[in-house]
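Report on the structure
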Amino acid sequence: MRIEILNTGTELLLGSTLNTHGHWMGQELLKMGLRVQRQTTVPDGEAIHEAMRESVMRSDALIVTGGLGPTSDDLTREATAEVLGIEMIEDEQAVRTMREFFRARGYAAMPEGNRKQALVPVGADVLPNANGTAPGIYVPPRLGQASACAIFLLPGPPSELRPMFHEEAAPRLRALAGIEDAGEAVELKFVGIGESSFADWIDEDLQAIEGLEFGYCARLGELDLRLIGGNDAITAARDLVAKSFSKQYVSDDGSSLEEVVVREMASRGLKLATAESCTGGLIANRVTNVPGSSAVLTHGFVTYANEAKVGVLGVKEETLAKVGAVSEEVCREMAEGALAASGSDLAIAVTGIAGPGGGSDEKPIGTVFVGLAQKGKETFVLTKCDPRNRLSFKQQVSQLALDLVRRRVVHGE
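Below you will find a few notes about this structure.

Reading the values: the criteria
- Residues numbered from 1 in each chain as written.
- Predicted model: local features only at pLDDT ≥ 70, side-chain atom pairs only at ≥ 80, totals over all residues.
- Heavy atoms only, no water.
- Helix = DSSP H or I, 4+ residues; strand = E, 2+ residues; numbered from the N terminus.
- Buried < 20%, exposed > 50% of the residue type's maximum accessible area, 1.4 Å probe, protein only.
- Contact = heavy atoms within 4.5 Å.
- Areas by Shrake-Rupley, 256 points an atom, 1.4 Å probe, with all protein chains shown as cover.
- Lys, Arg positive; Asp, Glu negative; His and termini not counted.
- Charge placed at Lys NZ, Arg CZ, Asp CG, Glu CD.
- Phe/Tyr/Trp six-rings, centres within 6.5 Å; stacked < 30°, edge-to-face > 60°.
- Lys NZ or Arg CZ within 6 Å of the ring centre and 35° of its normal.
- 1 Å grid on protein atoms, 1.4 Å probe; cavity = no way out; pocket = protein on both sides within 12 Å on 5 of 7 lines; lining within 4 Å.
- Points joined across faces, edges and corners; volume = space filled by probe spheres on them.
- Nonpolar A, V, L, I, M, F, W, Y, C, P; charged D, E, K, R; others polar.
- Expected span 1.5 Å × (residues − 1).
- Polar contact = N/O pair within 3.5 Å; in protein donor to acceptor, adjacent residues only side chain to side chain.
- Pairing = 2+ DSSP bridges.
- Axes fitted to C-alpha atoms, helices over the stretch in contact; angles between N-to-C directions.
- Core = buried A, V, L, I, M, F, W, Y, C linked by side-chain atoms within 4.5 Å.

**Topic: the overall build of the chain**
For the chain, the helix and strand inventory stands at 14 helices and 17 strands. Its C-alpha atoms give the chain principal-axis dimensions of about 80 × 60 × 40 Å. Residue burial in the chain is summarised as follows: out of 413 residues, 48% are buried. Put simply, of all contacts in the chain between residues at least 6 apart along the chain, 67% involve residues at least 24 apart. Approximately 19,100 Å² of the chain is accessible, and the part contributed by carbon and sulfur atoms is 49%. Placing the 41 positive and 57 negative side-chain charges of the chain at their respective mean positions leaves the two points 4 Å apart.

**Re the packing of aromatic side chains**
One pass over the full model with this rule turns up 10 aromatic pairs. Aromatic pair Phe198 and Phe245: ring centres 4.3 Å apart, planes at 20 degrees, arrangement stacked. Placement of Phe198 in helix α7 (residues 195-207) and of Phe245 in the loop between α8 (231-244) and β12 (249-251) is noted, with a sequence separation of 47 residues between them. Here Phe198 matches Phe245 in class, with each residue buried. Residues Phe214 and Tyr216 carry aromatic rings whose centres are separated by 6.0 Å and whose planes lie at 75 degrees to one another, so their mutual orientation is edge-to-face. Here the aromatic residues Phe190, Phe198, Phe214, Tyr216, Phe245 and Tyr249 are joined through ring pairs into a cluster of three or more. In this structure, Arg105 is placed above the aromatic ring of Phe101, and the distance from its NZ or CZ to the ring centre is 3.6 Å.

**A look at the environment of Glu210**
With respect to the helices and strands, Glu210 occurs in the loop between α7 and β10 (212-219). For Glu210, a relative accessible area of 76% translates into the label exposed. A C-alpha to C-alpha distance of 51 Å links Glu210 and Val326, two positions 116 residues apart in sequence.

**Observations regarding unusual backbone geometry**
The linkage connecting Gly355 with the following residue, Pro356, adopts the cis geometry, with an omega of 5 degrees. Within the fold, Pro356 resides in the loop between β15 (346-352) and β16 (367-374).

**Brief notes about the layout of surface pockets**
The computed volume of the largest pocket comes to approximately 800 Å³. Residue assignment for the lining of the largest pocket shows that the elements contributing at least two residues are α2 (21-31), β9 (184-191), β10 and β11 (222-229). Sorting elements by how many residues they give to the lining of the largest pocket places α2 first, with six residues. Among the residues forming the lining of the largest pocket, the class breakdown is 10 nonpolar, eight polar and 12 charged.

**Regarding helix α5 (residues 92-104)**
End to end, α5 covers 18 Å across 13 residues, agreeing with the expected 18 Å (1.5 Å per residue, within 8%). On the buried face of α5, the contacting elements are β4 (88-90). Structurally, the start of α5 carries an N-cap: the backbone nitrogen of Gln93 is 3.3 Å from a side-chain oxygen of Asp91.

**Considerations on the sheet that holds strand β7 (residues 136-139)**
Across the sheet, which stays open at both edges, the six strands sit in the order β2-β1-β3-β8-β7-β6 with mixed pairing between neighbours. Two strands in the sheet have a free side with no partner beyond their single neighbour: β2 (36-42) and β6 (125-127). Each strand of the sheet is rotated relative to its neighbour by a mean of 15 degrees, with strand direction disregarded. Examined bridge by bridge, β6 and β7 share three bridges and lie antiparallel to one another. In the sheet register, Asp125 faces β7, and the bridge partner there is Tyr138. Of the strands in this sheet, β1 (3-8), β2, β3 (61-65) and β8 (150-154) are in contact with helix α3 (residues 46-58), which crosses β1 at around 175 degrees. In this fold helix α4 (residues 76-84) packs onto β1, β3, β7 and β8, with an angle of close to 165 degrees to the strand it touches most, β8.

**A short note on the nonpolar core**
Core analysis: the biggest nonpolar cluster contains 30 residues, and Met265, Leu272, Leu346, Ile348, Val350, Val370 and Val405 have the highest contact counts within it. Residue assignment for this core shows that the elements contributing at least two residues are α9 (257-268), α10 (282-288), β15, β16 and α14 (390-411). Top contributing element to this core by residue count: α14, with seven residues. Setting aside residues no more than four positions away along its own chain, Met265 makes contact with Leu270, Lys271, Leu272, Val296, Leu346, Val405 and Val409.

**Digging into α14**
Compared with the 32 Å implied by 1.5 Å per residue over 22 residues, the 31 Å span of α14 between its first and last C-alpha is a close match. Of the residues flanking the start of α14, the one acting as N-cap is Asn389, its side-chain oxygen 3.2 Å from the backbone nitrogen of Leu391. Gly412 lies just past α14 and shows a positive phi near 75 degrees.

**Thoughts on the environment of Glu333**
Position of Glu333 relative to the elements: it lies in helix α13 (residues 328-342). Residue classification places Glu333 among the buried residues on the basis of a relative accessible area of 16%. Placed 40 residues apart in sequence, Glu333 and Ala373 show a C-alpha to C-alpha distance of 9.3 Å. The contact partners of Glu333, leaving out residues within four places of it in the chain, are Leu313, Gly314, Val315, Lys316 and Thr319. Among the polar contacts made by the side chain of Glu333, one reaches the main-chain amide nitrogen of Lys316 at a distance of 2.8 Å.

Here is the structure:
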């Protein structure tokens, strides 16, 4: 089934709004055994007509996002009706639903401009929107004169689009595609290994698995392996890579590194503290983004200044004077100080040079020390030099730190 996504909105092309629709819908469609063949983003206005004319002639289904609001630049309904040669009428139920939406929120009356959102091409289905005023629209294939393409018009805000996609669009797409068994699609996450090294090691073995389609997506500090196929092919591939890269293998259920850390520590009843200098609290932030992290994280120390390292974590002034804040010795004392101050089972500490200034011949930009302290065990300190821009450096260091915790908890390293 040939599916296209048409994202509308000048703000998407200006960069003022991040376009997440294609990424999200691509993943959701893949779970259904469907794939996006093309994604187009156009500004508001006449460009919507042009893009839609092209898409409906080469696709079996077109999903359009945005342009269903009440203002003059919301033209998706009008463009659809014009391209398909269909008149529009006002849907009475949509008007009643919108009036109730405003009444429930304390408005005396619905603004007259919102009536525009009740206009629907004749013969199309109105898709209810429980989270906003703009109903969606489904135009069945062959309803219009121009093509046999099914068209879904969905609102732009993710909080409205995603529920509508699941509840209204997905069942219709399954029916159009005749999907009974979507097969299986799995994404495996790995850390601590690059894409080329991974592929050199495993590509031939994966290619030998009958009925398997696979691909890679390299991200900062991690690698995703996509597996598509029948249950036997997926199982064989998963077992192969899990065995070959057992230490780097993070998850096969879409869980992020921090989600795995929280899950594994919580299941063992372990507590964690963080002591951060160069990352400025990013490690603790990632952990606390995970629901249930309150059962794991006890303290997050951000000791950016040397005075904080001394006063909060007990780092020795003579150590700082002798080797500097970015050093193995200070990182060790930070980790051990956080462990003692928090009473946690593990403490992770980081100190480094993010740049663009502050480097030297002995400690160039990108130098980082990551220390892991645990009750009853010797403190371990990892040293790396990975020069990047400031934000990427912080992300990579947080990745290294969380992976050290994961390896210690899961593998005892």
